[in-house]
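# Coordinate inspection notes
The residues making up each chain are set out below.
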Amino acid sequence: MNFIYVILFIGLSLNSCSQQKEDVSKTPLPPVVNDVFLADPTIFYNEGTYYLYGTTTGNTPLNGEGFQVYTSSDQKNWKGPVGAQGGLALKKGDAFGSQGFWAPQILKYNNQFYMIYTANENIAVATSDSPLGPFRSVSKEPLAAPVKQIDPFVFIDDDGKKYLYHVRLTNGNRIFVAELNDDLLSIKPETLTECIAAQLQWENTQNVNWPVAEGPTVLKKDGLYYLIYSANDFRNPDYAVGYATSKSPLGPWKKSTTSPIISRNLIGQNGTGHGDLFFDKDNQLQYVFHTHFSSTSEAPRKAAIIEMNFVEKENELQLEAKKESFRFLKKN
């Protein structure tokens, strides 16, 4: 997801995701800066090391070439990019896609590391023997679908069933789920179900004709499924994070009345959203996400982290972000 920040106005209509995602930014970087510039970030923890991946944005190195990866032992000092191929964990040409490398997810399955990602507004899968890559695929083909689809997230339930949460571009960006086959390369079409559409006021603050709900990530807690998502166009300063709950991975989903739980009203940064939940080595739940570069410029987007907690309120377990824990990720 790469774009220059532009001032959006009431009535903006987005007719395709390519209008939303294509980055033509030439935003210059400050002379000295140690922020990590990644959008749609995800953190994968493996054997004492945190691996950070995401969408490269703005006029930054390796933009459009694949997926960078950064590493850290403490989440405070990040090294990178340190991918196996010149800083890239996945390099263009080794797997599906020629442009629009967005929103990767990493998981370990059957003794291999899988990268599920977006390219050319399709979802694809690549594998590697290391989280650093190189991630490659033999077929170089995306997951079959009759529409454009982006922002994949694979959730493996306690019973071993696998689910692909993702966004389909149909009358807006809408979040869907389908059960995955064991090869992680295709869905069971009969299970395809819509989960979330942007219909609430906070989810479409500019009342656009192409409402956006995207960036799904899912967590199971005490038998209840939590679907965390972002809403509004990502260039909108009101881009924010909310969640919904369900007793089944396929829904139906009940949106939380406490949403948005991460927004510029909470942390004072524009464009807060599209991230991923993860547990750190101390079993603390955290959410890594991106913000705008500044109050006047969207790109390049900056990666940040905030702690998340479950709190018992009103006879239910609610998900909350810990405001004082917010921080940007920094390179060594």
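Our structure is the block above this text.
Figured I'd write up the structure that's included with this text.

Parameters at a glance
- Residues numbered from 1 in each chain as written.
- Predicted model: local features only at pLDDT ≥ 70, side-chain atom pairs only at ≥ 80, totals over all residues.
- Heavy atoms only, no water.
- Pairing = 2+ DSSP bridges.
- Helix = DSSP H or I, 4+ residues; strand = E, 2+ residues; numbered from the N terminus.
- Axes fitted to C-alpha atoms, helices over the stretch in contact; angles between N-to-C directions.
- Buried < 20%, exposed > 50% of the residue type's maximum accessible area, 1.4 Å probe, protein only.
- Polar contact = N/O pair within 3.5 Å; in protein donor to acceptor, adjacent residues only side chain to side chain.
- Core = buried A, V, L, I, M, F, W, Y, C linked by side-chain atoms within 4.5 Å.
- Contact = heavy atoms within 4.5 Å.
- Salt bridge = Lys/Arg side-chain N within 4 Å of Asp/Glu carboxyl O.

Attention now goes to the sheet that holds strand β4 (residues 88–91). Spatial ordering of the open sheet is given by β1-β2-β3-β4, a layout of four strands whose pairing is antiparallel. Among the strands making up the open sheet, the edge pair consists of β1 (39–46) and β4. The sheet shows a mean angle of 20 degrees between the axes of neighbouring strands, taken without regard to direction. Inspection of the sheet shows strand β2 (residues 49–55) paired to strand β3 (residues 66–72) by four bridges, in the antiparallel sense. Residue pairing across strands places tyrosine 51 opposite threonine 71, the latter belonging to β3.

Note on placement: aspartate 238 falls in the loop between β13 (224–231) and β14 (240–246). By relative accessible area, which is 25% here, aspartate 238 ends up partly exposed. Separated by 93 residues in sequence, aspartate 238 and alanine 145 place their C-alpha atoms 31 Å apart. Within polar-contact distance, the side chain of aspartate 238 engages the side chain of arginine 264 at 2.9 Å.

In terms of residue burial, strand β9 (residues 162–169) counts as a mostly covered element, since eight of its eight residues are buried. The alternating pattern of β9 places Lys162, Leu164, His166 and Arg168 and Tyr163, Tyr165, Val167 and Leu169 on opposite faces, both of which are buried. The pairing of strand β8 (residues 149–156) with β9 spans six bridges and is antiparallel. Bridge pairing in β9 places glutamine 149 opposite arginine 168. Hairpin connection between β8 and β9: a loop of five residues separates the two successive antiparallel strands, and glycine 160 in this loop has a positive phi of roughly 90 degrees. In textbook terms, the turn of a hairpin is the stretch between consecutive antiparallel strands, and for β9 and strand β10 (residues 173–180) this stretch comprises three residues, one of which, asparagine 171, has a positive phi near 55 degrees.

Core analysis: the largest hydrophobic core is formed by 26 residues, its most contacted members being Tyr165, Ile175, Cys195, Ile196, Leu227, Tyr229 and Trp253. The set of elements that each furnish at least two residues to this core consists of β5 (102–109), β8, β9, β10, β11 (193–196), β12 (213–221), β13 and β14. Leave out the neighbours within four places in its chain, and isoleucine 175 touches His166, Val167, Glu194, Cys195, Ile196, Ala213, Glu214, Pro216, Leu227 and Tyr229. By size, the runner-up hydrophobic cluster in this structure holds 19 residues, among which are Tyr226, Ile261, Ala321 and Phe326.

Strand order across the open sheet formed by four strands is β12-β13-β14-β15, with antiparallel pairing between neighbours. The strands lining the two open edges of the sheet, one partner per strand, are β12 and β15 (254–255). By the bridge criterion, seven bridges tie β13 to β14 in an arrangement that is antiparallel. If you follow alanine 231 over to β14, its bridge partner there is alanine 240.

What follows is about the pattern of salt bridges. By the definition in use, this model includes 15 salt bridges. Lysine 330 is the salt-bridge partner of aspartate 35, the closest N and O atoms lying 2.5 Å from each other. On the criterion of sequence distance, the pair formed by aspartate 35 in the loop between α1 (17–21) and β1 and lysine 330 in the segment after β20 (327–328) is long-range, its members being 295 residues apart. For lysine 330, a relative accessible area of 30% translates into the label partly exposed. Two residues, arginine 264 and aspartate 238, come together in a salt bridge whose shortest N-O distance is 2.9 Å. Within this pair, whereas arginine 264 is found in helix α2 (residues 264–267), its partner aspartate 238 is found in the loop between β13 and β14, the two being separated by 26 residues in sequence.

In short, shape yes, function no, at least from these values alone.
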